[in-house]
Amino acid sequence: KNQVEQSPQSLIILEGKNCTLQCNYTVSPFSNLRWYKQDTGRGPVSLTIMTFSENTKSNGRYTATLDADTKQSSLHITASQLSDSASYICVVMRTNAGKSTFGDGTTLTVKP
Amino acid sequence: NAGVTQTPKFQVLKTGQSMTLQCAQDMNHNSMYWYRQDPGMGLRLIYYSASEGTTDKGEVPNGYNVSRLNKREFSLRLESAAPSQTSVYFCASSEAWPGLGQPQHFGDGTRLSIL
């Protein structure tokens with residue numbers, strides 16, 4: 001069964017601290033993995049995409065990694081800000097399937 | 001540039017009532033999608049339209065119908081609302097099908113409560 005599992009389910013950190021969110025998947029054959037950020041009351045917004053050949057990609061304070069062998073991805077947030085409080089969703093697409101499998105998300109709360 | 005616009009933003013229905021959720025995108029995207037998001041669960045695909053003139057069932061299509069009115073607009077209809085359909089509904093669009101690595105652009109959702 002094609003699944004995407006994210007951990008932790010929720011996380012609370014202090015402003016300025018770093019954190020890492022995990023995404024494990026069993027989706028096969030793998031095409032790409034995308035991280036979305038969803039602010040409360042808003043729709044998800046794409047942060048970054050990882051393809052099979054990419055190991056690391058940065059977008060400002062966000063750094064995503066991908067290990068296609070172990071089918072794991074992580075999203076690292078550096079020097080967190082209050083505006084980073086949101087749900088982070090991992091989405092994996094299968095090759096030639098055209099449909100995405102969504103994880104349940106990790107809810108991050110950044111406190112002052 | 002509005003992106004993806006959903007109307008209404010909030011709606012309360014009684015069991016058995018019908019309604020249509022509207023979605024429009026101004027990015028000239030070919031593909032459009034309807035999802036539902038329930039607390040603690042990931043987004044689940046209800047229906048999608050790979051291109052104008054085509055629609056297909058997603059993961060949870062029962063109780064819903066869709067219409068791709070034109071390239072810009074994709075509506076979702078609940079014919080006889082049930083409490084189990086209480087959810088937040090998101091419309092999304094992407095440039096091409098099956099995405100080919102391009103992101104989906106989401107609206108801000110319609111919060112639907114069915115009593």
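Placed above this text is the structure.
If you're wondering where the values come from, they're calculated on a predicted model, not measured in any experiment.

1. Notes on unusual backbone geometry
For the peptide bond that leads from Ser28(A) to Pro29(A), omega is -10°, which places it in the cis range. Structurally, Pro29(A) is set in the loop between strand E3 (19–25) and strand E4 (30–38). The omega torsion of the bond from Thr7(B) to Pro8(B) falls at -5°, within 30 degrees of zero and hence cis. Phi is positive for Ala79(A), which is not a glycine, with a value near 45°. Considering the arrangement of structural elements, one finds Ala79(A) in the loop between strand E8 (72–77) and strand E9 (86–94). For Asn28(B), which is not glycine, the phi dihedral falls at a positive 60°. Looking at the element boundaries, Asn28(B) is found in the loop between strand E3 (19–25) and strand E4 (31–37). Given a relative accessible area of 56%, Asn28(B) falls into the exposed group.

2. Brief notes about the state of the cysteines
Each disulfide consists of a covalent bond between the sulfur atoms of two cysteine residues. All names here are of chain A. For the structure on display, the rule yields 2 disulfides over all chains. Bridging cysteine 23 to cysteine 90, the disulfide has an S-S length of 2.0 Å. Of note, the bridge from cysteine 23 to cysteine 90 carries an S-S torsion of about -65° and is left-handed in sense. Here cysteine 23 is found in strand E3, whereas its partner cysteine 90 is found in strand E9, with 67 residues between them in sequence. According to the relative accessible area criterion, cysteine 23 is buried, its value standing at 0%. The structure places no disulfide on cysteine 19, whose sulfur is separated from the nearest cysteine sulfur, that of cysteine 23, by 15 Å. Overall, the relative accessible area of 5% leaves cysteine 19 in the buried class.

3. A few points about the sheet that holds strand E7 (residues 62–67) of chain A
Residue and element names in this part refer to chain A. Strands sit in the order E1-E3-E8-E7-E6 across an open sheet of 5 strands; the sheet is antiparallel. A single partner strand is all that each edge strand has here, and the edge strands are strand E1 (4–7) and strand E6 (56–59). Across the sheet, the mean angle separating the axes of adjacent strands is 15° when strand polarity is ignored. One ladder, built from 6 bridges, connects E3 with E8; its direction is antiparallel. Bridge assignment links cysteine 19 to a residue of E8, and that residue is isoleucine 77.

4. What about the pattern of salt bridges?
Enumeration over the complete set of coordinates arrives at 7 salt bridges over all chains. In this structure, the salt-bridge partner of Asp39(A) is Lys37(A), at a minimum N-O distance of 3.8 Å. Residue class for Asp39(A) comes out partly exposed when judged on its relative accessible area of 34%. On the basis of relative accessible area, Lys37(A) is assigned to the buried category, the value being 16%. Salt bridges sharing partners connect three or more residues here, namely Arg36(B), Asp38(B) and Arg44(B).

5. Here's the deal with the side chain of Arg68(B)
Residue and element names in this part refer to chain B. With respect to the helices and strands, arginine 68 occurs in strand E7 (residues 64–68). Buried and unpaired, arginine 68 has no salt bridge, with glutamate 52 as the nearest side chain of opposite charge at 6.2 Å. Within the local environment of arginine 68, its side chain forms a polar contact with the backbone oxygen of asparagine 70, the two atoms lying 3.1 Å apart. Among the polar contacts made by the side chain of arginine 68, one reaches the main-chain carbonyl oxygen of lysine 71 at a distance of 2.9 Å. Look past the residues within four positions of arginine 68 in its chain and what remains in contact with it is Gln25, His29, Asn30, Ser31, Met32, Ser49, Ser51, Glu52, Gly53, Thr55, Glu73 and Phe74.

About the cut-offs
Residues numbered from 1 in each chain as written. Chains lettered and ligands numbered in written order. Predicted model: local features only at pLDDT ≥ 70, side-chain atom pairs only at ≥ 80, totals over all residues. Heavy atoms only, no water. Helix = DSSP H or I, 4+ residues; strand = E, 2+ residues; numbered from the N terminus. Buried < 20%, exposed > 50% of the residue type's maximum accessible area, 1.4 Å probe, protein only. Disulfide = S-S within 2.5 Å. Pairing = 2+ DSSP bridges. Axes fitted to C-alpha atoms, helices over the stretch in contact; angles between N-to-C directions. Salt bridge = Lys/Arg side-chain N within 4 Å of Asp/Glu carboxyl O. Lys, Arg positive; Asp, Glu negative; His and termini not counted. Polar contact = N/O pair within 3.5 Å; in protein donor to acceptor, adjacent residues only side chain to side chain. Contact = heavy atoms within 4.5 Å.

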